[in-house]
Amino acid sequence: MTFEEIKKEEAEYLMPTYGRFPVALVEGKGAVAKDVDGKEYIDFTSGIGVNCLGYSDDGLVKAISEQAGKIQHMSNLYYNPLQVEVAKKLVELTGLSKVFFCNSGAEANECAIKVARKYAFEKYSGKRNKIITLVNSFHGRTVTTLAATGQDVFHNYFFPFTEGFEYAEANNIESLRNLIDDTVCAVFIELIQGEGGVNPLQKPFVWETAKICQDNDILLMIDEVQTGVARTGTFYCYEQYGVTPDIITTAKGLGGGLPFGACICSEKLSGVLSAGTHGTTFGGNPVACAASLEVLSRVATKEFLKEVSEKGAYIKEKLSSMPNVKEVRGLGMMIGIVLEKGEAKVLANRCVEKGLLILTAKTLLRLLPPLNISYEEIDKGLAILNEVLSEV
Ligand SMILES: *Cc1c(COP(=O)(O)O)cnc(C)c1O
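Residues numbered from 1 in each chain as written. Predicted model: local features only at pLDDT ≥ 70, side-chain atom pairs only at ≥ 80, totals over all residues. Heavy atoms only, no water.

I would appreciate a short explanation of the pairing of strand β13 (residues 325-331) in the present structure.
One face of the sheet, then the other: side chains in a regular strand alternate in exactly this way. As defined by bridge partners, β13 adjoins strand β14 (residues 334-339) across 6 bridges and the pair is classed as antiparallel. Directly across from L331, in β14, lies its bridge partner M334. (Pairing = 2+ DSSP bridges. Helix = DSSP H or I, 4+ residues; strand = E, 2+ residues; numbered from the N terminus.)

Just to check I follow, could you spell out the site of the ligand for this structure?
With respect to spatial proximity, the complete set of residues near the ligand consists of S104, G105, A106, N109, F138, H139, G140, E190, D223, V225, Q226 and K252. One of the backbone N or O atoms of G105 is found 2.8 Å from an oxygen atom in the ligand. Between the ligand and K252, the relevant distance is 2.6 Å, taken from an oxygen atom to a side-chain nitrogen or oxygen of the residue. Protein chains bury 81% of the 390 Å² of accessible surface belonging to the ligand in isolation. The dominant element in the shell around the ligand, judged by the number of residues it contributes, is helix α5 (residues 105-123), at 3 residues. Here the residues of the shell around the ligand sort into 3 nonpolar, 6 polar and 3 charged. (Near = heavy atom within 4 Å. Polar contact = N/O pair within 3.5 Å; in protein donor to acceptor, adjacent residues only side chain to side chain. Areas by Shrake-Rupley, 256 points an atom, 1.4 Å probe, with all protein chains shown as cover. Nonpolar A, V, L, I, M, F, W, Y, C, P; charged D, E, K, R; others polar.)

Got a minute to help me understand the nonpolar core in this structure?
Grouped burial of nonpolar side chains is what soluble globular proteins tend to show. Counting residues in hydrophobic clusters, the biggest one holds 85 residues, and the most contacted among them are L90, L191, Y236, L319, L365 and L385. Sorting elements by how many residues they give to this core places helix α9 (residues 286-299) first, with 7 residues. Looking at which domains feed residues into this core, each of domain 1 (3-57 + 302-390) and domain 2 (71-299) supplies at least three. Discounting chain neighbours no more than four positions away, the residues touching L385 are L319, I337, C351, L356, I358 and L365. Formed by 25 residues, the second largest nonpolar core is a distinct cluster that contains L146, A148, F165 and M221. (Core = buried A, V, L, I, M, F, W, Y, C linked by side-chain atoms within 4.5 Å. Buried < 20%, exposed > 50% of the residue type's maximum accessible area, 1.4 Å probe, protein only. Domains from an automatic or database assignment. Contact = heavy atoms within 4.5 Å.)

Teacher, can you tell me more about the state of the cysteines here?
Two cysteines whose sulfur atoms are joined by a covalent bond form what is called a disulfide. By the definition in use, this model includes 0 disulfides. C52 carries a free sulfur, and the closest cysteine sulfur to it, the one in C289, is 15 Å from it. On the basis of relative accessible area, C52 is assigned to the buried category, the value being 1%. (Disulfide = S-S within 2.5 Å.)

Mind showing me how you'd approach the sheet that holds strand β12 (residues 261-265) here?
Hydrogen bonds between backbone groups are what pair the strands of a sheet, and the pairing can be parallel or antiparallel. Strand order in the open sheet formed by 7 strands is β4-β12-β11-β10-β7-β5-β6, and the pairing between neighbours is mixed. Because the sheet does not close on itself, it has two edges, and the strands there are β4 (98-102) and β6 (165-168). Strand-to-strand, the axes of this sheet are offset by a mean angle of 20°, without reference to chain direction. Here 5 bridges tie β4 to β12, and the two strands are oriented antiparallel to one another. (Axes fitted to C-alpha atoms, helices over the stretch in contact; angles between N-to-C directions.)

Please explain the environment of T133 as it appears in this structure.
Tracing the backbone through its elements, the reader meets T133 in strand β5 (residues 130-134). For the pair formed by T133 and P200, sequence separation is 67 residues and the distance between their alpha carbons is 15 Å. The residues contacting T133, other than those within four sequence positions of it, are H139, A148, G150, F165, E166, Y167, A168 and F188.

How should the layout of surface pockets be read in this particular structure?
With a probe scaled to a water molecule rolled over the atoms, the places where space remains empty come into view. Approximately 640 Å³ is the volume found for the second largest pocket. Around the second largest pocket, the lining comprises 22 residues; the ones closest to its centre are K98, V99, F100, F101 and L273. Counting only elements with at least two residues in the lining of the second largest pocket, the list comes to α4 (81-94), β4, α5 and β12. Residues of the lining of the second largest pocket, tallied by class, amount to 13 nonpolar, 8 polar and 1 charged. (1 Å grid on protein atoms, 1.4 Å probe; cavity = no way out; pocket = protein on both sides within 12 Å on 5 of 7 lines; lining within 4 Å. Points joined across faces, edges and corners; volume = space filled by probe spheres on them.)

The quantities given are spatial measurements derived from coordinates; they are silent on function.
Listed below in structure tokens is the structure:
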């Protein structure tokens, strides 16, 4: 099929849920993607922070294909040795206690919400169920995670939404404090709001939040779906904030491109979701687990994390001296560019024309390059970006 045929048939057969870039990708290697016409693109997106080892990484392909040749799925009614291996790694890396596997960020967040509510339901005789999230957050697309998402644009059409969410302003501790009472069971935050415009939370705000939570037996839950798995230069972003969450949720990069997510909880929550209270058909799929083991064995090393930080700093420095750049923010290789002028979506489309895949977040351009991208690929991509920014 040609691109035009694909576009026509997609309009005929798929629900029109996405405003897509005019590109049909068919293959890739490392940080280079190829479209149906053979045109190549430097990829600064990783499929929105998913392909952390780039396209068709040799180790990842081997892990996935070998596992597919052994057992591709088994029910969670049976013991799965690969789940044990991945969970053990995640527990060792986080210092937390127990893991539930699922297939996406939204599901990981649903699990966190269920853990928080059940913990508080049992401990406080059903009187505590409110969860505070932040204005401008993003937590997913299910009816409940939309309710958790602190943006009015997402609270439309699908009424009634799940009750029990209230929204505090990011970096405004008084706003959070005003919502705290004895009906609150958890505070649920992203440390860098990704979809919301690459907004890092300030450390004092996060420390104060952690203290309020600790003093009131309110759970601190961190959505690491986008910030996690080495993206920000530490394995999880909370390590850089020096706080200890009760729950973290993780997905995107966790399976290196296969659908995989997890909710990881602390010791005191480890028995909350007892047999029969939660579950999933696909979660913890052996092929996804095998991919994740490969990812974890590669990205969780000191040297790799150092490289992520260094490459991130390199990219940020280059961006800072480019035309039309008002501010560059983010951590590691999660980077947002505030523009002086021009519409981010228009600029992103121009980048695509010139052979660079790049994301937007609200009015910002956003970069989430594969974590193992080479400096040569970074330079190529940045050269295109510089050209596009110069033309505005
Ligand atoms: C992408 C994202 C989600 C949703 O993940 P899905 O896999 O699309 O369900 C949730 N939280 C954050 C912070 C995200 O970036």
